[in-house]
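Single-letter residue listing:
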Amino acid sequence: MRIAVVAVGQAGGKIADALLRYERDSEVDFVVDAVAVNTARADLLGLREVPPGNRVLIGGDRVKGHGAGADNELGAELARDDIGEVRDAVDAIPTSDVDAFLVVAGLGGGTGSGGAPVIASEIRRIYEEPVFALGVLPARDEGGIYTLNAARSLKTVVDHADATLLFDNGAHRETGESLAGGYSRVNETIARRIGVLCSAGEATDPTPEKVVDASEIINTLGRSGGVASIGYASTPLDRKRGLFGGFKPVSEDALESTTRVTATVRRAALGNLTLPCELRDVERALVVVSGPPETLSRKGVEDGRAWLEEATGTPEVRDGDYPLRDTDHLAALVLLGGVTEAPRLRELRAAAVEAQRNVAAIAERANLSAGVWDTEGLDPLF
Ligand SMILES: Nc1nc2c(ncn2[C@@H]2O[C@H](COP(=O)(O)OP(=O)(O)OP(=O)(O)O)[C@@H](O)[C@H]2O)c(=O)[nH]1
């Protein structure tokens, strides 16, 4: 699936950079173009991969290039005011090659949190291709303002995108990790998952036995404002066991190959989801298995799909393979679409209600006027 990436805010821009790096390393063309939008000039200047001509500074007249200061209403306003400039940058993308747009943002701050729904809704108004959002949720310990921002923004993003892929920072940060080091590792994790998903159907050599078409990804994500999560797991392969330093052919080792594939699919779906959730709270799924061609047991993929059908209780589970010559890992990616419930969503909902009660206290702690955090009109989540 070929995507056009529209990154909003600091986290969005860094994730777009990571996606472009992943694309370059994998040598499969799946990002048609990437645009970065921000209210902070320094964040735009700090990007490494998004081409300088594709960086759009918004709100310059009002915030003078200094960011939205975690005020997501301001972020939304600045995006609305300068939407013409964002539109011009998106119009310059050769959209005849694009299967879907991906609007990427951290939902806890100001610019991405407020701007992403405005921008997604504008792109959706103009183009026929689906507009998916990739939203990063703040970790639990980031504090009330980030939580409240994420809760408000999530409700709006979900309403304005065809589907929203969620990534919970809190579920992926390792103890003792520095913030900067943590983010760059987490961004690589995000880029690998989106990268494998999108590049699977674009690689032509070696040819997959069952191709993952863009339409299969789009149908799994859905187009009616759902939430999605991605699981990923990989298993190292023992290169020494096969002939001539390669792997044993599947025929020689069919049982082991099959079990290895299904076990990897189960690990991808049961642990390490971008948004941890129960499989029974999922409406659709897609499994992609990648690795050296001789290790991709068709039966293993089918067994993995059958297991997922049973675990989710839905027959709407698609599958495909992605053969790669230069890897010593077997990997499985599981895309879960139509997620109806997740512990982190429940927490955000509850925290938003609590934060509304404590608005004055939060504003005081953050040294902001209470007016900035006037939450009148904050819709309940979903
Ligand atoms: N995964 C990931 N999360 C990040 C990164 N940078 C910031 N975040 C998270 O994103 C949220 C803050 O959003 P930012 O993108 O920094 O803020 P912004 O959208 O630029 O908004 P303002 O700075 O308020 O103008 C917080 O929840 C951070 O934890 C990153 O590189 N990767």
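Going by the structure above, here's the rest.
Reading guide: rules and limits
- Residues numbered from 1 in each chain as written.
- Predicted model: local features only at pLDDT ≥ 70, side-chain atom pairs only at ≥ 80, totals over all residues.
- Heavy atoms only, no water.
- Helix = DSSP H or I, 4+ residues; strand = E, 2+ residues; numbered from the N terminus.
- Buried < 20%, exposed > 50% of the residue type's maximum accessible area, 1.4 Å probe, protein only.
- Areas by Shrake-Rupley, 256 points an atom, 1.4 Å probe, with all protein chains shown as cover.
- Pairing = 2+ DSSP bridges.
- Axes fitted to C-alpha atoms, helices over the stretch in contact; angles between N-to-C directions.
- Contact = heavy atoms within 4.5 Å.
- 1 Å grid on protein atoms, 1.4 Å probe; cavity = no way out; pocket = protein on both sides within 12 Å on 5 of 7 lines; lining within 4 Å.
- Points joined across faces, edges and corners; volume = space filled by probe spheres on them.
- Nonpolar A, V, L, I, M, F, W, Y, C, P; charged D, E, K, R; others polar.
- Phe/Tyr/Trp six-rings, centres within 6.5 Å; stacked < 30°, edge-to-face > 60°.
- Parallel < 35°, antiparallel > 145°, perpendicular 65-115°, else oblique.
- Left-handed = near helix turned anticlockwise from the far one by under 90°.

Caption draft 1: Representation of the overall build of the protein chain in the model. A count of helical and extended segments in the protein chain gives 13 helices and 10 strands. A buried classification covers 57% of the 382 residues belonging to the protein chain. If you sum the accessible surface of the protein chain, you get close to 16,100 Å²; carbon and sulfur atoms cover 48% of it.

Caption draft 2: Looking closely at the sheet that holds strand β10 (residues 329-337). One open sheet accounts for 10 strands, arranged β3-β2-β1-β4-β5-β6-β7-β10-β8-β9; its pairing is mixed. Only two strands of the sheet have a single neighbouring strand rather than two, namely β3 (55-57) and β9 (317-323). Put simply, the sheet's adjacent strands are angled 20° from each other on average, direction ignored. Pairing between strand β8 (residues 284-291) and β10: seven bridges, direction antiparallel. Looking across to β10, one finds that V287 is bridged to V334. Sheet strands touched by helix α6 (residues 111-126): β1 (3-8), β2 (31-38), β4 (100-106) and β5 (131-137). Its angle to β4, the strand with the most contacts, is close to 165°.

Caption draft 3: Quick look at the layout of surface pockets. Its volume calculated, the largest pocket comes out at about 720 Å³. What lines the largest pocket is a set of 28 residues, among which Y22, D25, S26, Y322 and L324 lie closest to the centre. Contributing elements (two or more residues each) for the lining of the largest pocket: α1 (9-26), α8 (179-199), β7 (226-236), β8, β9 and β10. The element best represented in the lining of the largest pocket is α1, accounting for five residues. Each residue belonging to the lining of the largest pocket can be placed in one class, and the counts come to 12 nonpolar, seven polar and nine charged. Its volume calculated, the second largest pocket comes out at about 580 Å³. Q10, A11, G106, G109 and Y146 are the residues nearest the centre of the second largest pocket, which is lined by 33 residues in total.

Caption draft 4: Structural detail: the packing of aromatic side chains. Overall, the coordinates contain two aromatic pairs when judged by the stated rule. Ring geometry for Y22 and F30: centres 6.3 Å apart, planes at 65°, overall edge-to-face. Pair check on accessibility: Y22 and F30 agree, each one buried.

Caption draft 5: Here's a closer look at unusual backbone geometry. Cis geometry is found at the peptide bond from D205 to P206, where omega equals 0°. Within the fold, P206 resides in the loop between α8 and α9 (214-221). For K64, which is not a glycine, the phi torsion comes out positive at approximately 55°.

Caption draft 6: Expanded view of the packing of helix α5 (residues 83-91) against α6. Where α5 meets α6, the axes come as close as 11 Å, and the angle between the chain directions of the two elements is 55°. For the element pair α5 / α6, the angle class is oblique. Crossing of α5 over α6 shows right-handed handedness. In contact with I83, V86, R87 and V90 of α5, α6 contributes V118, I119, E122, I123, R125 and I126. For the contact of α5 with α6, the residue count by class is seven nonpolar, no polar and three charged.

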